[in-house]
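# Close look at the chain arrangement
These are the residues of each chain, in order.
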Amino acid sequence: MDGVLDLHYDLAAMVIMAVILLLLSTKKNIPVRRSYVFIIMCIVQVLVIVCSMGVQLCNSVDAFVSPEMSNRFFDLYFAFNFLSALIFMYYMILWSGRSMKNRTLTKIHMLIPVAIYTYMIIDNFIHHNLYTMSLDGRYSYTYRLQMLSAVALYAMFYGISYAIRYIDTISYGKLTAITIGGAAVVAGIIVQFHYDETFFVNFVIAVAMLLLYEVAQHPLNILDGSTQVLNRAIMEEMIKVDISDEREFELIVLAMDDFKLINKTYGIEIGDVMLMQVASFLKTVSNRGKVFRYGSDQFAVQIRPGSDSLDDVLNNITERFRHPWIHEGNSIHLSATTICTSYPEDGTTLESLVEVLDYTILFAKKKGRGSVIYTRDVDLNAMRREKAIEKAVDEAVKNDTLEVHYQPIYNTDKQCYTSAEALVRMKDENLGNISPELFIPIAERTGRIVQLGTMVFEKVCRFIHEQNLAASTIEYIEVNVSVVQCMREDFVDTILSIMEKYEVRPEQINLEITETAEISALQILQENVEKLYEKGITFSLDDYGSGYSTLGYIHQFPFRIIKLDKLMVWDAFETERAGTTLKYTVGMIKELNIHIVAEGVETEQQQNKLSSLGCDYLQGWYYSKAVPSEQFATIIKKAS
Ligand code: C2E
Ligand code: CA
Ligand code: CA
């Protein structure tokens, strides 16, 4: 710094700092400690600039001000400047979301620079030994100042390295931006040391602060755009801080029931308005609770045991959902399932809490609309088992280790096997053989069923092609398809292109679908079935007589075959009533001109009775279990 007055850079820096402070004071800040630390860092930076301007003003108008005054500004300038580096270190440490409790080493790393800073700055106020001023008003720096700079650099790097170590809380993008900003500041300081014609370093720092505000503190990063509550990312950050501080809390997740239906009925815009209304309502249910967007149609409310009672909050919520929500004359009834979990009772890490919450949401959806469920009432072992199976399915699909077995189906008229059902088999390294009864529903939930189903279908088509099925008595293979697959727009194309690839004719394929309540896109399902039917592919209704069986389904789809569920078949041999039901069911289906497969045929008695009743096809262990493809190939070769 010399005697020439050059305030341009400092003025520009001041303008930038004013902009940041204005943004900070007008926008909602991220309610975590690092936000307050950021504000303090900004204020200190303003003080740095004020002192820097003070020094320059004193030096240029020395007629009015004594060099003493200039030196005092200089002392303060150093004090605030290096303080800024220490605050930056603390700011970065806070980003990790780890509590300082029990972190002695971190504390030592922080305290050493603070101690050196405090000693040197206080000493400088007394002895002014960080710099010297020559008679012509030029300052030169002493080795002490260089030492203090080294300490400040150390503090900055330590802060950044701490954030790198806990990169999971701060994203790579943010960290890169912060590191670039930090490097620019360091470069600025070094250049400034060697070049003192103009004083620009405060400007560089102010620009870096603006960058920091934009990437790390901007409220856009924390508020959910459509509902204006805190977003999921900030929820995770805040919860991590609470957990590391061992601060108890309860987390209530509100999962809207059938919200897709609301969007479909009233349109997405009104759906958004409804979510906004629910979000505003949730802000009022507790005194000090925080509201977050947990998922697309889910919110979370975090409350502290001391300041709010969980029961009151829950009552509040349940009561509100009894009444409709009003928008532009529309009165809309909403339903939501509420899930409660507590830290530390129900989980001691963010991951474990989220895991049980997500699992409980699924569990709750099965239980019914509008229920209130505590995660501690849920069987966590079942959850872990499901997770393990979910992983096994992913692995099997990824590594293509699924196998398809075939169970022959006996034709009572021709008295030989004329078809077979393809059944998927999965073997996992750790879990062994897993029944499709277990993993198919899980794959349907995760969406993996789509790939899995395509793989099974491709294996079946390859089998038909390679074994030259047309030359045997087997006319077609029945392949199970999940409605999740059938509801996809690309289902028809997928099926047809695989068949074309393996030169499989439509008569060689029969697709089995099961009636379910999970149909969200009935129209697509119907269109897909019709398109394939027009191409000559037939369909079976699987598991008839179990769970959901409505006659409506039979009227809606052009089924060629109905498969009687094995339980229905077995029951018919247990009680007279069930026997009568089966008899008339078979009669009714035959009247409709639909073929019948009876599943689960295990005894000769069953075989005789079922064929005399008029079942066209019989399938079951009496004939054969599902066997690997090679074995099935020999069975059909022998038969033909
Ligand atoms: P499903 O479609 O009803 O298949 C018949 C099930 O009954 C098969 O069980 C078969 O092994 C079993 N079964 C056949 N005959 C008898 C018998 O006489 N006695 C007894 N106790 N059981 C018999 P599996 O292979 O365990 O498959 C279970 C379910 O998993 C299937 O029920 C089907 O819904 C589903 N599934 C199997 N493979 C696939 C597939 O590739 N895709 C889809 N989406 N679902 C599949
Ligand atoms: Ca089946
Ligand atoms: Ca079945």
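Values in this document were obtained by computation on a predicted structure and should not be read as measured data. (Residues numbered from 1 in each chain as written. Chains lettered and ligands numbered in written order. Predicted model: local features only at pLDDT ≥ 70, side-chain atom pairs only at ≥ 80, totals over all residues. Heavy atoms only, no water.)

Before going further, it helps to examine the overall build of the chain. For the chain, the helix and strand inventory stands at 23 helices and 19 strands. Taken against the 2.2 N^0.38 rule, which gives 26 Å for 640 residues, the C-alpha radius of gyration of the chain at 36 Å runs more than 25% over that of a compact globule. Over its C-alpha atoms, taken along the principal directions, the chain stretches across nearly 120 × 55 × 45 Å. A buried classification covers 50% of the 640 residues belonging to the chain. For the chain, the proportion of contacts with a sequence separation of at least 24, taken over those separated by at least 6, is 71%. On the chain, roughly 30,800 Å² of surface is accessible, and the fraction owed to carbon and sulfur atoms is 57%. Charged side chains in the chain number 57 positive and 77 negative. The centres of these two groups are separated by 3 Å. (Helix = DSSP H or I, 4+ residues; strand = E, 2+ residues; numbered from the N terminus. Rg over C-alpha atoms; globule rule 2.2 N^0.38 Å. Buried < 20%, exposed > 50% of the residue type's maximum accessible area, 1.4 Å probe, protein only. Contact = heavy atoms within 4.5 Å. Areas by Shrake-Rupley, 256 points an atom, 1.4 Å probe, with all protein chains shown as cover. Lys, Arg positive; Asp, Glu negative; His and termini not counted. Charge placed at Lys NZ, Arg CZ, Asp CG, Glu CD.)

Our focus in this paragraph is the environment of L47. With respect to the element layout, L47 can be found in helix α2 (residues 33-60). By relative accessible area, L47 is classed as partly exposed at 33%. Through-space distance from the C-alpha of L47 to that of L76 is 8.6 Å; in sequence the pair is 29 residues apart.

Parsing the chain into structural domains produces domain 1 (8-221), domain 2 (232-378) and domain 3 (387-564 + 625-639). Between the C-alpha centres of domain 1 and domain 3 the distance comes to 67 Å. (Domains from an automatic or database assignment.)

Time to look at helix α1 (residues 8-26). Look at α1: 27 Å from first C-alpha to last across 19 residues, which is about the 27 Å you get at 1.5 Å a residue. Of the surrounding elements, those touching the buried residues of α1 are α2 and α7 (201-217). (Expected span 1.5 Å × (residues − 1).)

Turning next to the pattern of salt bridges. What the rule picks out here adds up to 27 salt bridges. Here D224 and R293 are joined by a salt bridge, their closest N and O atoms 2.7 Å apart. In this pair, D224 sits in the loop between α7 and α8 (232-244) while R293 sits in strand β4 (residues 290-295), placing the two residues 69 residues apart along the sequence. R293 sits in the buried class, given a relative accessible area of 13%. Here R445 makes a salt bridge to E390, at a shortest N to O gap of 3.8 Å. Taken as a pair, R445 in helix α14 (residues 436-446) and E390 in helix α13 (residues 380-399) lie far apart in primary sequence, 55 residues in all. On the accessibility criterion, R445 (34% relative accessible area) is partly exposed. A relative accessible area of 23% means that E390 is categorised as partly exposed. Connected via shared salt-bridge partners are R33, D242, D245, R247 and R304. (Salt bridge = Lys/Arg side-chain N within 4 Å of Asp/Glu carboxyl O.)

Attention shifts here to the coordination of the calcium ion (ligand 3). Metal coordination angles have textbook ideals: 109.5 degrees for a tetrahedral set of four donors and 90 or 180 degrees for an octahedral set of six. Protein coordination at the calcium ion (ligand 3): the donors are D542 (OD), D543 (OD), E599 (OE) and E599 (OE), at 2.1 to 2.5 Å from the metal. As a motif over one chain, the donors of the calcium ion (ligand 3) read D-D-x55-E. The calcium ion (ligand 2) is placed at 4.0 Å from the calcium ion (ligand 3), the two being bridged by D542. Here E599 lies in the loop between β17 (595-598) and α22 (604-613) and D542 lies in strand β15 (residues 538-544), a separation of 57 residues in the sequence. According to the relative accessible area criterion, D542 is buried, its value standing at 7%. (Donors = N, O, S within 2.8 Å, 3.2 Å for Na, K, Ca; no water.)

Ligation of the calcium ion (ligand 2) by protein atoms is provided by E421 (OE), N480 (OD1), E512 (OE) and D542 (OD), these donors lying 2.0 to 2.3 Å from the ion. Each donor residue of the calcium ion (ligand 2) belongs to the same chain, and together they define the spacing E-x58-N-x31-E-x29-D. N480 gets classed as partly exposed once you look at its relative accessible area, which sits at 29%. A residue is classified by how much of its surface remains accessible, and E512, at 1% relative accessible area, is buried.

By size, the foremost hydrophobic cluster in this structure holds 78 residues, and its most contacted members are I477, L511 and L564. Here this core takes ten residues from helix α15 (residues 449-466), the largest share from any one element. Not counting residues up to four positions away in its chain, the partners in contact with L564 are Y544, V569, L582, T585, V586, I589, I596, V597, A598 and E599. With 65 residues, the next largest nonpolar core counts F74, A79, F88 and V201 among its residues. (Core = buried A, V, L, I, M, F, W, Y, C linked by side-chain atoms within 4.5 Å.)

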